[in-house]
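# Structural characterization, general
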Amino acid sequence: PEAVGVARCTSGQLGSGGAQSGGPDAEGKVYGSFRVVNVSGTPCVVEGAGVVGLAARGAADPGRISVVRHSSGDAGGGLPDPSQEASRLLLRPSGSYEVKFVWVPSETCPTTGGTPTPTPTTPVEPPTTPPPTTAPTEPTVAPDPSTNPDSGGTGGSPEPGPAPDGGAVAQLLLADGEPADGSVVVSHTAEGGGPSLSTVVPGACSGTVYRTGLLGAS
């Protein structure tokens, strides 16, 4: 009833109240929010929660990130219940509204800088380094030719070879096992075309953003 006769907010009446995102919780979820403020001197009505978009950076896979509207019982359970959302909201001067979101990862970032699919293969690689332990079978052959001065020299030389080779391989695997750098930029553009706000979720390569509708700012 209060909004009767009040004009819809224009992009010129709305300004940024800030965008923020926190650190990941125990499940890797990252919560954040956008705040939009009525910077004009007259009341106006917001009709619609605007648009939330995503942009992949680094190792993040554009084909594996998406935005969906939050609903009861989904993976964004830490967000306010949809029953708390408003279809339209009266904003008095300096009044504001919020749109909240949560990033829910589906996979960790890859270790090779490619797509997230190679990640399951990385645990398989470390076990391939221990096979050089078969080298102990060779020293048993070395003592036999050691009785001959000619063969003794040749028998001793192969032994140092496997050790440095195995060590180098192990170091390369450890270096390649570092997670690739990926992030997702989450943005919000208010209804009417502005303002636009954005925040970055680091260490994100594939997953889903669950977003709310209009929420009265507390």
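Residues numbered from 1 in each chain as written. Predicted model: local features only at pLDDT ≥ 70, side-chain atom pairs only at ≥ 80, totals over all residues. Heavy atoms only, no water.

This next bit is on the pairing of strand 9 (residues 196-202). Residues Leu-197, Thr-199 and Val-201 of strand 9 are buried on one face, while the alternating residues Ser-196, Ser-198, Val-200 and Pro-202, pointing to the opposite face, are not. Between strand 8 (residues 182-189) and strand 9, which pair antiparallel one after the other, the connecting turn spans six residues, and Gly-192 there sits at a positive phi close to 100°. (Buried < 20%, exposed > 50% of the residue type's maximum accessible area, 1.4 Å probe, protein only. Helix = DSSP H or I, 4+ residues; strand = E, 2+ residues; numbered from the N terminus. Pairing = 2+ DSSP bridges.)

Right, let's get into the nonpolar core. Counting 25 residues, the largest nonpolar core has Leu-91, Tyr-97, Trp-103, Val-184, Val-186 and Val-201 as the members making the most contacts within it. Of all the elements in the fold, those that place two or more residues in this core are strand 2 (30-38), strand 3 (44-47), strand 6 (88-91), strand 7 (96-107), strand 8 and strand 9. Top contributing element to this core by residue count: strand 7, with four residues. (Core = buried A, V, L, I, M, F, W, Y, C linked by side-chain atoms within 4.5 Å.)

Our next topic: the side chain of Ser-183. Relative to the helices and strands, Ser-183 resides in strand 8. Apart from the residues lying within four places of it in its own chain, the contact partners of Ser-183 are Ala-55, Ala-56, Arg-57, Ala-60, Val-200, Val-201, Pro-202, Gly-203 and Ala-204. (Contact = heavy atoms within 4.5 Å.)

Attention now goes to the state of the cysteines. Here a disulfide denotes one covalent bond, and it connects the sulfur atoms of two cysteines. Tallying each qualifying case throughout the model produces two disulfides. Between the sulfur atoms of Cys-9 and its disulfide partner Cys-44 the distance amounts to 2.0 Å. Because the sign of the S-S torsion sets the handedness, a value of about 85° for the bond joining Cys-9 and Cys-44 places this disulfide among the right-handed ones. Of this pair, Cys-9 sits in the segment before strand 1 (14-21) while Cys-44 sits in strand 3, and the two are 35 residues apart along the sequence. Owing to a relative accessible area of 0%, Cys-44 belongs among the buried residues under this scheme. For Cys-109, the disulfide goes to Cys-205, at an S-S distance of 2.1 Å. Note on the Cys-109 and Cys-205 pair: the S-S dihedral is about 100°, so by sign convention the disulfide is right-handed. With Cys-109 in the loop between strand 7 and helix 1 (149-156) and Cys-205 in the loop between strand 9 and strand 10 (206-211), this pair connects stretches of sequence that are 96 residues apart. When its relative accessible area of 11% is taken as the criterion, Cys-109 is described as buried. (Disulfide = S-S within 2.5 Å.)

With that out of the way, let us pick up the sheet that holds strand 4 (residues 51-58). Taken together, the three strands give an open sheet; going across it, the order is 4-8-9, and neighbouring strands pair in antiparallel fashion. Only two strands of the sheet have a single neighbouring strand rather than two, namely strand 4 and strand 9. Direction aside, neighbouring strands of the sheet carry axes that sit 20° apart on average. The pairing of strand 8 with strand 9 spans seven bridges and is classified as antiparallel. (Axes fitted to C-alpha atoms, helices over the stretch in contact; angles between N-to-C directions.)

A separate point is the confidence of the model for the protein chain. Looking at the protein chain, pLDDT values average 76 and 67% of them are 70 or higher. Element-level mean pLDDT values for the protein chain span from 34 in helix 2 (residues 162-176) up to 96 in strand 2. Counted against residues more than four places away or in other chains, residues 113-143, with its pLDDT under 50, gives 33 contacts. In this model residues 151-176 is a low-confidence stretch, pLDDT under 50, and it forms 16 contacts with partners more than four residues away in sequence or in other chains. (pLDDT = per-residue confidence, 0-100.)

So, about the environment of Ser-11. Checked against the element boundaries, Ser-11 lands in the segment before strand 1. In this structure the C-alpha to C-alpha distance between Ser-11 and Thr-189, which are 178 residues apart in sequence, comes to 9.9 Å. For Ser-11, the residues in contact, after removing those within four places along its chain, are Gly-192, Gly-193 and Gly-194.

So, about the pattern of salt bridges. Counted according to the given criterion, the structure contains seven salt bridges. The closest approach of N and O atoms between Glu-98 and Arg-35, which form a salt bridge, is 3.1 Å. Of the two residues, Glu-98 sits in strand 7 while Arg-35 sits in strand 2, which places them 63 residues apart along the sequence. Judged by its relative accessible area of 10%, Glu-98 is buried. Given a relative accessible area of 25%, Arg-35 falls into the partly exposed group. (Salt bridge = Lys/Arg side-chain N within 4 Å of Asp/Glu carboxyl O.)

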